[in-house]
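As a plain string of letters, each chain reads:
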Amino acid sequence: MVTDSDLTKHLSEAQVSVELQTEDMTLNIGPQHPSTHGVLRLVARVNGERCFDVRPVIGYMHRGYEKLSEVRTYLQITALINRIDWVSGYANEIPFIVAAEKLMDVEVPERAQYIRLILTEMARVSSHLIFMASYPLELGAATPLFFALRDRERVLDLLEGVTGGRFHPNFNRIGGVKPNAGAGPTTKKTPQDLPAGFLAETRDAMSVVLHTCEEIEDLVGGNEIFRARTKGLGVLPPEVGAAFGVSGPNLRASGVKFDLRKVESYLPYDKFDFDVVVGENGDCWDRWWVRLQEIRESAKIIQQAVDGIPPSGPLQAKVPKLIKVPKGETYVRAENPKGEMGYYMVSDGGTGPYRLKIRSASFSNISMLSWILEGVLVPDIIAIMGSLDFVLGDVDR
Amino acid sequence: MTTNAHRTIPGSGLIKGLRVTITTMFKTIFIPKKYLATVNYPIVKETPVARARGVIALDQDACTVCMVCSRACPDWCIYIEGHKEEQPPSKPGGRIRARAELDRFDIDYALCMYCGICVEVCPFDALFWTPEYEYSESKMGNMLHDMDRLQDWMTTVPEPPALEK
């Protein structure tokens, strides 16, 4: 039997325990953790379920691309920079090649530009489909993974059919596209054109991708658990995002209508009709939603480009056999699936750049991790980190 | 009383979910083989595309030991050694000609990053890509293919694919 005095004693003890100052604990997340998309380590101070002072520790995958580029030729660097953001290897090549072409003052033939554009958008579709697969998986839903990966496979097969590589295409050359091998010792090497049936297959694949977008929107977007875990979580105000240098879909989800495809002219995007999708609140849900819409916009661009590609024509501009880029410096940026990717290239007239500064999107995007993870619950760390869609190869370089 | 309109009959959500599962199950039976997402790998094999970068084949007769591929390789995984061999003159009274002979042409596939630069820069068309991919080894050292093994890959070099229009 509980007497009154017992109850009072018990309550007073409970009161004490509520007022007790609990000790902060340092929680180490990663570097080997599936939700970190590579090897990212987070050191968080945790008080109960809230975490404060989250510090990302990067550099576990530093491969020194900027230094390596100083001792490599332009041809070799193209193969290297596929590996920066390996989910969209093709899109990494474009700003680098365009920067070299800008310094050399080379005009790229129209058909080659269209091929570049189609394949870049395919890289975007496949990168965003990976996000559509992995993000629900991190929140506990396994089915969307198979839906998204199935169609990503079709897109990657098309990429492989043209370039020969699924992840590391290494397809762009200064002035055009990769030449064929084995044309005969005396014959001039011809550039690799699209294989037969590519355009029809692409049309087919894009309609499948659009269909899958609807499926994913129903399956994931209609899921109450997914909505509850993403809506209103990890809100990034546009001015904070801009101050941290956040770019790409993460910034657009906060409502900033900024897309380098509309601003810069590194590929003929001005010939196509597409919308820049922006979110409203800048929370995890908006970041997911913006990426889903971007798949649709990219599919729209690809369909227009497949219809509008010049039926034939040169694929390679005239460039010397030994490529030496004239003295000068330039900065070319492009809208990669992850955000703004830019190369600041300084050439001293040699066969390789004197200095190559790589501005990768994920590095700037995760610089605001400690800001956005301030005071969130421990399980929400995964939900917020996943929604930022970074790749550690892109962060560490 | 419930506020959620779709929770009127208990278990209706379960039946709805099962209906989707069963329809998808029957749908997959009638999907054309071409659109199947997976294949039963060791029994069924996918045909890689003609341009797929699987393994590099070497045409020993075409190689002139110029070392261009070895120098262009970004990770230096091609090892070449050669010597000059004197050839009889093509017509009587002519010069004695020297011809370079390969002693060693090894590609270390444990190092290779499959960029294809060697194939691209070869000025005598001695290197080719083939889409073969089944050459994994249990020992790392066996990934070093010597020139005879590279020559054997020559039989698998595909015709270049037909082009769009």
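Please refer to the structure placed before this passage.
About the thresholds
- Residues numbered from 1 in each chain as written.
- Chains lettered and ligands numbered in written order.
- Predicted model: local features only at pLDDT ≥ 70, side-chain atom pairs only at ≥ 80, totals over all residues.
- Heavy atoms only, no water.
- Core = buried A, V, L, I, M, F, W, Y, C linked by side-chain atoms within 4.5 Å.
- Buried < 20%, exposed > 50% of the residue type's maximum accessible area, 1.4 Å probe, protein only.
- Helix = DSSP H or I, 4+ residues; strand = E, 2+ residues; numbered from the N terminus.
- Contact = heavy atoms within 4.5 Å.
- Expected span 1.5 Å × (residues − 1).
- Pairing = 2+ DSSP bridges.
- Axes fitted to C-alpha atoms, helices over the stretch in contact; angles between N-to-C directions.
- Buried area = accessible area lost by both parts, 1.4 Å probe.
- Salt bridge = Lys/Arg side-chain N within 4 Å of Asp/Glu carboxyl O.
- Polar contact = N/O pair within 3.5 Å; in protein donor to acceptor, adjacent residues only side chain to side chain.
- Nonpolar A, V, L, I, M, F, W, Y, C, P; charged D, E, K, R; others polar.

Novice: How do you make sense of the nonpolar core when you look at a structure like this?
Specialist: Proteins that are soluble and globular tend to have nonpolar side chains buried together. In terms of nonpolar packing, the biggest core is built from 110 residues, with M122 and W288 of chain A touching the most fellow members. For this core, the leading source of residues is helix 5 (residues 110–138) of chain A, giving 14 residues. Setting aside residues up to four positions removed in sequence, M122 of chain A forms contacts with V155, L158, L159, F198, T202, M206 and I302 of chain A. If you look at the next biggest cluster of nonpolar residues, it comprises 29 residues, including C63, V65, A100 and V119 of chain B.

Novice: Explain the environment of D204 of chain A here, please?
Specialist: Residues and elements named next belong to chain A. Tracing the backbone shows D204 in helix 7 (residues 198–221). Owing to a relative accessible area of 30%, D204 belongs among the partly exposed residues under this scheme. Between the C-alpha atom of D204 and that of Q303, which follows or precedes it by 99 residues, the distance is 9.6 Å.

Novice: Mind showing me how you'd approach helix 7 of chain A here?
Specialist: Because each turn of an α-helix spans 3.6 residues, side chains separated by three or four positions end up pointing in the same direction. Residues and elements named next belong to chain A. Over its 24 residues, helix 7 extends 32 Å from the first C-alpha to the last, a length consistent with the 34 Å expected when each residue adds 1.5 Å. The complete set of buried residues in helix 7 reads F198, L199, T202, A205, M206, V209, T212, C213, I216, V220 and G221. Elements in contact with the buried residues of helix 7: helix 5, helix 6 (143–163), helix 8 (224–230) and helix 12 (284–308).

Novice: Please clarify how the sheet that holds strand 1 (residues 25–29) of chain A should be interpreted in this entry.
Specialist: By way of backbone hydrogen bonds, the strands of a sheet pair with one another, either parallel or antiparallel. Residue and element names in this part refer to chain A. Strand order across the open sheet formed by three strands is 1-2-3, with antiparallel pairing between neighbours. The sheet is open, and its two borders are formed by strand 1 and strand 3 (50–57), each paired with just one other strand. Sheet twist, expressed as the average angle between the axes of neighbouring strands with direction ignored, equals 25°. For strand 1 and strand 2 (residues 41–47), the ladder comprises five bridges, and the chain directions are antiparallel. By the bridge assignment, I29 is partnered in strand 2 with L42. Across the sheet, helix 15 (residues 378–388) lies against strand 1, strand 2 and strand 3, angled at about 145° from strand 2, the strand it touches most.

Novice: I tried to follow the interface of chain A and chain B on my own but got confused; where do I start?
Specialist: Many analyses report the size of an interface as the accessible area lost when the parts associate. Tallying the contact residues gives 39 residues for chain A and 30 residues for chain B. Contact with chain B buries area across many residues of chain A, yet L75, Q76 and K189 of chain A alone supply 15% of it, more than any other trio. Here R173 of chain A and E120 of chain B are joined by a salt bridge, their closest N and O atoms 2.6 Å apart. Connecting chain A to chain B are 10 residue pairs in polar contact (both at pLDDT 80 or more). Counting residues per element, the ones that place at least two in the side of chain A that touches chain B are helix 3 (74–81), helix 6 and helix 7 of chain A. Classifying every residue of the side of chain A that touches chain B gives 15 nonpolar, 11 polar and 13 charged.

Novice: Would you mind going over the sheet that holds strand 7 (residues 339–347) of chain A with me for this structure?
Specialist: Residue and element names in this part refer to chain A. One open sheet accounts for three strands, arranged 6-7-8; its pairing is antiparallel. The two strands at the open ends of the sheet, each matched to only one other strand, are strand 6 (328–336) and strand 8 (355–359). Within the sheet, the average angular offset between the axes of one strand and its neighbour, ignoring direction, is 10°. Pairing of strand 6 with strand 7, which is carried by nine bridges, proceeds in the antiparallel orientation. In the sheet register, Y331 faces strand 7, and the bridge partner there is Y344. Sitting on the sheet, helix 4 (residues 89–104) touches strand 6, strand 7 and strand 8, and the angle it makes with strand 6 is about 150°.

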